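# Descriptive analysis of the structure
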There are 2 protein chains.
Amino acid sequence: MAEREEARRKRAGALLSEHKLDALLVTNLHNVRYLSGFTGSNAQILLLRDGSARLLTDPRYDAQSRQETNCPIEIVKGPLFKAAAKAIGRVKVRRVGFEAASTPWATWKALDNALPARADLRASDGLVEGLRQIKDATEIELIRSSCALNSQALEKALMCFRPSMLETELAAEIDYASRRAGASGPAFDTIVASGAHAALPHAQPRAKAIQKGILLIDMGAFRSGYASDMTRTVHSGPAGVRFRRMYRAVLEAQLAAVDAVRDGATTKSVDRAARRVLHAYDLDEHFTHSTGHGLGLEIHERPRIGKTDKTRLAAGMAITIEPGIYLEGWGGIRIEDTVVVTRNGCEILTPTSKELREF
Amino acid sequence: MAEREEARRKRAGALLSEHKLDALLVTNLHNVRYLSGFTGSNAQILLLRDGSARLLTDPRYDAQSRQETNCPIEIVKGPLFKAAAKAIGRVKVRRVGFEAASTPWATWKALDNALPARADLRASDGLVEGLRQIKDATEIELIRSSCALNSQALEKALMCFRPSMLETELAAEIDYASRRAGASGPAFDTIVASGAHAALPHAQPRAKAIQKGILLIDMGAFRSGYASDMTRTVHSGPAGVRFRRMYRAVLEAQLAAVDAVRDGATTKSVDRAARRVLHAYDLDEHFTHSTGHGLGLEIHERPRIGKTDKTRLAAGMAITIEPGIYLEGWGGIRIEDTVVVTRNGCEILTPTSKELREF
């Protein structure tokens, strides 16, 4: 494993000159993990140069960091940013990038104050995230295995379903089944929303009995560090004509978007494919979010798949495809798979069927 | 509930002039929740002025925001920061604070670029966090109830314990019991660390059978938005002399620190009380973190209770007291309660016994 991270540091280091940088202060914990293997989440700065790197962390992570990474480590008592500034001073670099999207202004300011006069902080963004977009074969296997676990957990949890069950109880069963199947935890707060509550795309489960009708479940797991993400909308009791029509519309939109995924396609063309189907059903105004997002070490990564996103998909990207419609007072329907982009299309990693399920 | 948040907005608004601000852009999601009741977690800016406030969010949160807050709402398509800049332009304020500790540099820059020339962004910090430190009676009840649930969940989970159980399995039982008891989720990744693995203060549960010997469990729940936090170190099988001595040392340190808590005491005096006991046992060098932290809407809030922290404790603060010792190759012991500061001392909110437990 250590070789993998070493190779990544090499690749990232080689990009520095392209970004007009002599060094990069990697502070985003997922980027640090990607480049070093270190999974600490409270104290980490990786000082990356072309051909070398140094991980700074604090005494709580002394043993753990040595177990997890082969990158040179400095255990720091006191503020990490001061130690980072000193390390920069020692190597005498000038143009030092920092991760502008995740570095709080106050940290930037403190760093800037502590830095030797020679060095100059430059906002940099997406250098490591850009590399992380394309998953290698091992990462794809980890995401596949996370998706498999997630789908198993859904089936296990649905087996516990009883009519008087609360939304919160079903959510607890889902998370438990997922942990029992080997997840380190949920990738986000599990959504279980029944009836009109499903009209909230980010609904939180309530301590309320699941009603007959719409039941929307959005769930994801972390397994070996990698995320999965899936939404299914099922129907408790027999579904009526209106729900069936709506469900067909969302499913067709989802399939059309999946169909549009391929190496070289723009993300907005994938989004448009979903939106076009919903437009034909006169439902596009109820599709109030984007079609999907990348995932990996984080549940939301690059690329974003929305109306105005111009990224070109590339083989190895792992993304979600999740169109949905939301009608206040009625409810919502969302159908979501995790897929991986391939040369000629994509492979769906979520094994759960998307057929309308009444139970 | 809405009145409570309205009163908080009033209190926060009244502090602006003291901080030399005409308005504050509240972006930290916990601060936004505290001031508005809105629990959305992906898109929120609260523009706070003395006597008025405006919540900006995106279409996904349209229905939810109207359900949760009585604060005026603006649903924004496109970047929130641009809408915030426009709103600032409309009200013609000059000195606009932003939350420097949680605003990423890139967001600050984008805001700064979008802002009318008249307005001037100023780093501000801790205005809302300062208010959040002191819990009102309702908040203390919520934390108490979160602690009660957390302790119940530990007992339930320990009842499932069997000799061949994996660390990850026990962690899953803990989280499940916690959810079944009404938690919305864990307050952090549950730690279950047995044997030498307990030497990592932030150990992640492994898919390894729990060995005879040390078993350290650090767990917390969110219930109705509020966190609890507890650590217990138990012993699987009969404990030997060395463990007993170590346990006594940590327990005495914990009790000494709890004893030092009172309205008006400095946080470092509480930390010192724990460290002094461990010093007498010649174990202080193995106590590698601080004694505790505030908690509430977040699992880590102000104040920090460490060697150099000079905050004066005040009645209504909810904090953890959690000294620990860590010896590589041997293991670790940590004992942690959640307590609330009172006029004359503190009240321990964690009902679980701290007697040495062998099972």
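Quantities reported herein were computed from a predicted structural model and do not represent experimental measurements.

All names here are of chain B. Ordered in space as β8-β9-β12, the three strands form an open sheet in which the pairing is antiparallel. Looking at strand neighbours, the two that pair on one side only are β8 (191–194) and β12 (230–236), the edges of this open sheet. Sheet twist, expressed as the average angle between the axes of neighbouring strands with direction ignored, equals 15°. Judged from the seven bridges that link them, strand β9 (residues 213–219) and β12 form a sheet pairing that is antiparallel. Pairing of Leu215 across the sheet is with Val234, part of β12. Each of β9 and β12 touches helix α7 (residues 137–159); the most contacted strand, β9, lies at about 145° to it.

Pairing between the strands of a sheet comes from backbone hydrogen bonds, and it takes one of two forms, parallel or antiparallel. Residue and element names in this part refer to chain A. Taken in spatial order, the three strands line up as β8-β9-β12 in an open sheet, and their pairing is antiparallel. Unpaired on one side and paired on the other, β8 (191–194) and β12 (230–236) mark the two borders of the sheet. When the angles between neighbouring strand axes are averaged without regard to direction, this sheet yields 15°.

Residues and elements named next belong to chain A. Evaluation of the coordinates by the stated rule reveals 54 salt bridges over all chains. Taking the shortest distance from any N to any O, the salt bridge between Glu301 and Lys135 comes out at 2.8 Å. With Glu301 in strand β14 (residues 301–305) and Lys135 in the loop between α6 (127–133) and α7 (137–159), this residue pair connects regions lying 166 residues apart in the sequence. Per residue, the accessibility class of Glu301 equals that of Lys135, and both read buried.

Residues and elements named next belong to chain A. Considered domain by domain, chain A is made up of domain 1 (2–131) and domain 2 (137–348). If you average the C-alpha positions of domain 1 and of domain 2, the two centres end up 34 Å apart. Opposite the eight residues of domain 1 that make contact, domain 2 presents eight residues. For the pairing of domain 1 and domain 2, the buried interface totals around 680 Å² over both sides, and the portion due to carbon and sulfur atoms is 53%. Taken as a group, Arg4, His30 and Arg33 account for 57% of the area that domain 1 buries against domain 2, more than any other trio of residues on that side. Note that Glu139 and Arg8 form a salt bridge whose closest N and O atoms lie 3.6 Å from each other. Linking domain 1 with domain 2 are zero residue pairs in polar contact (both at pLDDT 80 or more), by the criterion used here. Listing elements by their share of the side of domain 1 that touches domain 2, those giving two or more residues are α1 (2–15) and α2 (29–36). Take the side of domain 1 that touches domain 2: its biggest share by element is three residues, from α2.

As a further point, take the packing of α1 of chain A against α2 of chain A. Residues and elements named next belong to chain A. Contact pair α1 / α2: the axes reach a minimum separation of 6 Å and the direction vectors enclose 115°. In terms of orientation, α1 and α2 fall into the roughly perpendicular class. Only Arg33, Tyr34, Leu35 and Ser36 of α2 make contact with α1, whose side of the interface consists of Glu5, Arg8, Arg9, Arg11 and Ala12. Per-class residue counts for the contact of α1 with α2 are three nonpolar, one polar and five charged.

We now examine the layout of surface pockets. Estimates place the volume of the second largest pocket at around 240 Å³. Thr288, Tyr326 and Glu328 of chain A together with Pro59 and Asp62 of chain B are the residues nearest the centre of the second largest pocket, which is lined by 15 residues in total. Elements that contribute at least two residues to the lining of the second largest pocket include exactly β16 (324–327) of chain A together with α3 (62–68) of chain B. Top contributing element to the lining of the second largest pocket by residue count: α3 of chain B, with three residues. Looking at side-chain class alone, the lining of the second largest pocket contains eight nonpolar, two polar and five charged residues.

Here we come to the interface of chain B and chain A. How large an interface is tends to be reported as the accessible area lost when its parts come together. Across the boundary between the two partners, chain B contributes 35 residues, which contact 35 residues of chain A. The interface formed by chain B and chain A includes six salt bridges. Among the ionic pairs, Arg66 of chain A bridges to Glu328 of chain B, the shortest N-O distance being 3.2 Å. Between the two partners, chain B and chain A, sit 19 residue pairs in polar contact (both at pLDDT 80 or more). Only α3, α5 (105–114) and α8 (167–180) of chain B provide two or more residues apiece to the side of chain B that touches chain A. No other element matches the eight residues that α8 of chain B contributes to the side of chain B that touches chain A.

Okay, the packing of aromatic side chains next. The relative placement of two aromatic rings is captured by the distance of their centres and the angle of their planes. By the definition in use, this model includes 16 aromatic pairs over all chains. Ring geometry for Trp105 of chain A against Phe98 of chain B: centres 5.2 Å apart, planes inclined by 90°, an arrangement best described as edge-to-face. One end of the pair, Trp105 of chain A, is in helix α5 (residues 105–114); the other, Phe98 of chain B, is in strand β5 (residues 95–99), on a second chain. Both residues of the pair, Trp105 of chain A and Phe98 of chain B, belong to the buried class. Between the aromatic rings of Trp105 of chain B and Trp108 of chain B, the centroid separation amounts to 5.7 Å while the plane-to-plane angle is 55°, which identifies the pairing as tilted. In this pair, Trp105 of chain B and Trp108 of chain B are both assigned in helix α5, three residues apart and thus about one turn of the helix distant. Within the aromatic cluster, the residues linked to one another by ring pairs are Phe98, Trp105 and Trp108 of chain A together with Phe98, Trp105 and Trp108 of chain B. One cation-aromatic arrangement involves Arg8 of chain A over Tyr34 of chain A; the distance from NZ or CZ to the ring centre is 4.0 Å.

Reading the values: rules and limits
- Residues numbered from 1 in each chain as written.
- Chains lettered and ligands numbered in written order.
- Predicted model: local features only at pLDDT ≥ 70, side-chain atom pairs only at ≥ 80, totals over all residues.
- Heavy atoms only, no water.
- Pairing = 2+ DSSP bridges.
- Helix = DSSP H or I, 4+ residues; strand = E, 2+ residues; numbered from the N terminus.
- Axes fitted to C-alpha atoms, helices over the stretch in contact; angles between N-to-C directions.
- Contact = heavy atoms within 4.5 Å.
- Salt bridge = Lys/Arg side-chain N within 4 Å of Asp/Glu carboxyl O.
- Buried < 20%, exposed > 50% of the residue type's maximum accessible area, 1.4 Å probe, protein only.
- Domains from an automatic or database assignment.
- Buried area = accessible area lost by both parts, 1.4 Å probe.
- Polar contact = N/O pair within 3.5 Å; in protein donor to acceptor, adjacent residues only side chain to side chain.
- Parallel < 35°, antiparallel > 145°, perpendicular 65-115°, else oblique.
- Nonpolar A, V, L, I, M, F, W, Y, C, P; charged D, E, K, R; others polar.
- 1 Å grid on protein atoms, 1.4 Å probe; cavity = no way out; pocket = protein on both sides within 12 Å on 5 of 7 lines; lining within 4 Å.
- Points joined across faces, edges and corners; volume = space filled by probe spheres on them.
- Phe/Tyr/Trp six-rings, centres within 6.5 Å; stacked < 30°, edge-to-face > 60°.
- Lys NZ or Arg CZ within 6 Å of the ring centre and 35° of its normal.

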